[in-house]
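# Breakdown of the fold
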Amino acid sequence: MTRMSRARVARRIAAGAAYGGGGIGLAGAAVVGLVLAEVQLARRQVGNGATPYVPNANGRYGRTYDTPGVPPLLLAMLGDSTAAGQGVHRAGQTPGALLASGLAAVAERPVDLRNVAVPGAMSDDLDRQVTLVLADQDRTPDVCVIMIGANDVTNRIPPTRSVRHLSAAVRRLRTSGAEVVVGTCPDLGTIEPVQQPLRWLARRASRQLAAAQTIGVVEQGGRTVSLGDLLGPEFAANPRELFGPDNYHPSAEGYATAAMAMLPTVCAALGLWPAEEERPDLTRREGFLPVARAAAEAASEAGTEVTAAMPTGPRGPWALLKRRRRRRVTEAEPSPQPS
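Note that this is a predicted model, so its numbers are computed, not measured.

As a further point, take empty space enclosed by the protein. It is the rolling of a water-molecule-sized probe over the atoms that shows where space remains empty. Under the criterion given, the structure shown has two cavities of 30 Å³ or more. Approximately 40 Å³ is the volume found for the second largest cavity. Lining the second largest cavity, in full, are Asp80, Thr82, Met147, Ile148, Gly149, Ala150, Gly183, Thr184, Pro186 and Leu227. Of the residues assigned to the lining of the second largest cavity, the class counts are five nonpolar, four polar and one charged.

Right, here's the structure in full:
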């Protein structure tokens, strides 16, 4: 699927999500039988991420930056097993811990992490997760990071429904005053045991959903970072290094790669990134684009950020597409004390 075609499909999905339209099929009826057979085989081979253990990374990071009278920043993680950090054994290896530690270092301020993500969650669980995050009316998160979408694809949830739930979650969080960064649907075509034609269909469905998610998030005032192409080639080239023991969830190195891509956007959302980085850099092919085209571009390229720019233009709303320089993120040390 070309980027222009992906942009058109993403627009239709986002419009269907906004106006209550029906689902747009990701595969024709002629291949459903073959796809189901491949799905069953792939699930047996990867175990569908059956390992239940998820390290508890909740707590305070960057305690060395404690300053009397200055409250810590509050980072909330929402989403599925990737946001929770399933597949690693130490709290400091989870994406939430890595982001909290990196954010504390950039802000020179402690960061409290609260992770409500649940392995196996689909986008329809975000409403419950948002309610948990906003339960304390005296302490709204400064920034919320959402990683969601993979289970929607594997469970064949209509993408319009997925985007509708994600958009509603972003709207609630933004209305509360929190900044929102969404890591869009990863490229499921990179899971090693998955064979053709499911690999091609999974990649197509993943990128299609990621592009539609981007439109929905940006229209609600959030920012997105593409995880699909970030994790895709690197996982494909280093499956033993970047996949965990179940061959489904990322390893510690894989989560560090994802956190490294998302940290600049999390910092930028809070006004903590260098001002010169906020201007489009033509040498990195950054610039203002119609939001659907920006979404399609982001779905095809590693670590690309999309954020709202102009509310309207010749072809509808416009967005700023950024390819931020990444800073190395290592395991968060020391492990936090749960709060």
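Read from one edge to the other, the open sheet built from nine strands follows the order E1-E3-E2-E4-E5-E6-E8-E9-E7, with strand pairing classed as mixed. Edge positions in the sheet fall to strand E1 (59-61) and strand E7 (287-290), since each has one partner strand and no second. Neighbour-to-neighbour, the strand axes of this sheet turn through a mean angle of 25°, independent of strand direction. Relative to strand E4 (residues 143-147), strand E2 (residues 73-79) runs parallel, the two being bridged by five bridges. Bridge pairing links Ala76 to Cys144 in E4. This element, helix H7 (residues 159-176), spans E4 and strand E5 (179-183) of the sheet and lies at about 155° to E5. Most of the contacts of helix H11 (residues 252-269) go to E5, to which it runs at about 165°, and overall it touches E4, E5, strand E6 (223-225) and strand E8 (305-308).

The phi angle at Glu108 is positive, at roughly 50°, despite the residue not being glycine. Mapped onto the secondary structure, Glu108 falls in the loop between helix H4 (95-107) and strand E3 (111-115). The exposure class assigned to Glu108 is exposed, which follows from its relative accessible area of 58%. Even without a glycine there, the phi angle at Arg156 is positive, about 55°. Tracing the chain through its elements places Arg156 in the loop between helix H6 (150-154) and H7. Judged by its relative accessible area of 54%, Arg156 falls in the exposed class.

Let us now look at the pattern of salt bridges. A side chain of one charge can pair with a side chain of the opposite charge if their charged atoms are brought near each other. Within this structure, the stated rule accounts for 10 salt bridges. Of the charged contacts, one joins Glu305 and Arg223 as a salt bridge, the two residues approaching to 3.1 Å between their closest N and O atoms. Here the residue Glu305 occupies a position in strand E8, and Arg223 occupies one in strand E6, the gap between them amounting to 82 residues. Accessibility assignment for this pair places Glu305 and Arg223 in one class, buried. By sharing partners, the salt bridges in this structure join Asp281, Arg284, Glu286 and Lys322 into a single network.

Between H4 and H11, the least distance of the axes is 9 Å, while the angle of their chain directions is 40°. As far as their axial angle goes, H11 and H4 are oblique. Between H4 and H11 the crossing geometry is right-handed. Side by side, H4 and H11 meet where Pro95, Leu98, Leu99, Gly102, Leu103 and Val106 of the first sit next to Tyr255, Ala256, Ala259, Met262, Leu263, Val266 and Cys267 of the second. By residue class, the composition of the contact of H4 with H11 is 12 nonpolar, one polar and no charged.

Our next topic: helix H12 (residues 291-299). Of all nine residues that make up H12, eight are buried, and the element is covered over most of its length. Residues of H12 that are buried: Val291, Ala292, Ala294, Ala295, Ala296, Glu297, Ala298 and Ala299.

We now examine the pairing of E4. For a regular strand, side-chain orientation follows a simple rule: the groups alternate between the two sheet faces. The element E4 is extensively covered by neighbouring structure, given that five of its five residues are classed as buried. Residue alternation in E4 divides its side chains into two sets, Val143, Val145 and Met147 and Cys144 and Ile146, and both sets are buried. Direction of pairing for E4 relative to E5: parallel, over a ladder of five bridges. Within E5, the residue paired with Cys144 across the bridge is Val180.

Each value, and the rule that gives it
- Residues numbered from 1 in each chain as written.
- Predicted model: local features only at pLDDT ≥ 70, side-chain atom pairs only at ≥ 80, totals over all residues.
- Heavy atoms only, no water.
- 1 Å grid on protein atoms, 1.4 Å probe; cavity = no way out; pocket = protein on both sides within 12 Å on 5 of 7 lines; lining within 4 Å.
- Points joined across faces, edges and corners; volume = space filled by probe spheres on them.
- Nonpolar A, V, L, I, M, F, W, Y, C, P; charged D, E, K, R; others polar.
- Pairing = 2+ DSSP bridges.
- Helix = DSSP H or I, 4+ residues; strand = E, 2+ residues; numbered from the N terminus.
- Axes fitted to C-alpha atoms, helices over the stretch in contact; angles between N-to-C directions.
- Contact = heavy atoms within 4.5 Å.
- Buried < 20%, exposed > 50% of the residue type's maximum accessible area, 1.4 Å probe, protein only.
- Salt bridge = Lys/Arg side-chain N within 4 Å of Asp/Glu carboxyl O.
- Parallel < 35°, antiparallel > 145°, perpendicular 65-115°, else oblique.
- Left-handed = near helix turned anticlockwise from the far one by under 90°.

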